[in-house]
Amino acid sequence: MNRYDHKGVSHYEFLERLHRWLNPRTYLEIGTLKGGTLRLASCPTICIDPEFQLDVSSAANREVTLFYQKTSDRFFQDHSPSALLNGPVDLGFLDGLHEAETLLRDFANLEKHCRSNSVIAIHDCIPMDVGQTTRINNGGLWTGDVWKVVPILKEYRPDISIFVFDAHPTGLVCCTNLDHGNTILDGMYGEIWRTWRSTELSDYGFSRLIEEANIISTSRVETPEEMRRYFWL
Ligand SMILES: C[S@@+](CC[C@H](N)C(=O)[O-])C[C@H]1O[C@@H](n2cnc3c(N)ncnc32)[C@H](O)[C@@H]1O
């Protein structure tokens with residue numbers, strides 16, 4: 001196999017279901033751009049992006065919306081999201097820099113502010129083909145090499161429950177059963193990145209990535225009850 005077409009609803013539609021049916025008390029997103037995913041949130045929210053280009057209402061119907069115009073690394077150095085929100089982050093969405101090592105840090109940093117049942121959704125981890133996974137964005141649909149994060153999490157953090165949905169166009173990976181005190185990703189970061197830095201998807205195998213992902217159709221999550229088979233807050 002050298003191409004996989006995600007047949008599910010869009011990642012926006014699936015994120016909207018997560019907001020509607022899990023009703024998170026707090027939301028944090030890395031990578032906001034124009035606000036396409038921000039507009040789905042109605043609870044107290046933190047947005048992080050070094051270059052906002054909002055074309056949606058910045059406040060909408062939310063009591064609290066905090067904008068941090070800086071990189072995610074700088075944000076986590078400077079701030080504690082759970083302190084800012086007066087509680088853990090219930091729902092997180094990672095859609096920032098399309099580099100695997102940055103996404104891994106984003107995940108590890110955010111997990112420290114989650115509770116066990118929180119959900120961290122990650123965009124772009126299941127590319128449609130190898131051509132989308134270059135480190136440099138050559139235009140068109142581009143995922144970068146963030147696909148590596150799924151096999152890395154499965155290897156180093158088998159305690160996390162990872163569900164991969166066929167959300168159009170490049171999948172949505174949803175992680176729960178988190179552990180805010182777990183330091184494995186921080187402690188092993190150097191070793192992980194030495195092992196994975198030069199691994200291309202063509203070496204790892206596109207078919208292997210798709211097979212190991214155990215991709216679930218979004219049509220299996222069309223009611224609140226069906227969602228509760230996977231997630232609850
Ligand atoms: C794909 S866009 C986000 C789209 C948005 N979530 C949506 O679906 O409408 C990626 C965003 O990540 C931001 N970004 C790039 N590097 C980043 C970093 N180091 N930390 C946080 N955000 C970053 C970019 O400025 C860009 O706005």
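Look a little higher up for the structure.
Residues numbered from 1 in each chain as written. Predicted model: local features only at pLDDT ≥ 70, side-chain atom pairs only at ≥ 80, totals over all residues. Heavy atoms only, no water.

## Comments concerning empty space enclosed by the protein
1) Next: In total, this model carries two cavities of 30 Å³ or more according to the counting rule given.
2) Next: Counted as a void, the largest cavity has a volume near 60 Å³.
3) Next: Surrounding the largest cavity, Ile30, Leu94, Asp95, Gly96, Leu97, His98, Leu103, Asp106, His123, Asp124 and Val146 form its lining.
4) Next: Tallied by class, residues from the lining of the largest cavity come to five nonpolar, three polar and three charged.
5) Next: Around the second largest cavity sit Ala108, Glu111, Lys112, Asp179, His180, Asn182, Thr183, Leu185 and Asp186, which together line it.
6) Next: Elements that contribute at least two residues to the lining of the second largest cavity include exactly helix H4 (100-111) and helix H6 (184-187).
7) Next: Grouping the constituent residues of the lining of the second largest cavity by class yields two nonpolar, three polar and four charged. (1 Å grid on protein atoms, 1.4 Å probe; cavity = no way out; pocket = protein on both sides within 12 Å on 5 of 7 lines; lining within 4 Å. Points joined across faces, edges and corners; volume = space filled by probe spheres on them. Nonpolar A, V, L, I, M, F, W, Y, C, P; charged D, E, K, R; others polar. Helix = DSSP H or I, 4+ residues; strand = E, 2+ residues; numbered from the N terminus.)

## As for the layout of surface pockets
1) Next: Roughly 660 Å³ of internal volume is contained in the largest pocket.
2) Next: Gly31, Asp95, Gly96, Leu97 and His98 are the residues nearest the centre of the largest pocket, which is lined by 31 residues in total.
3) Next: Going through the elements one at a time, helix H1 (11-22), helix H2 (72-78) and H4 are the ones with two or more residues in the lining of the largest pocket.
4) Next: Here the element with the most residues in the lining of the largest pocket is H4; it accounts for three residues.

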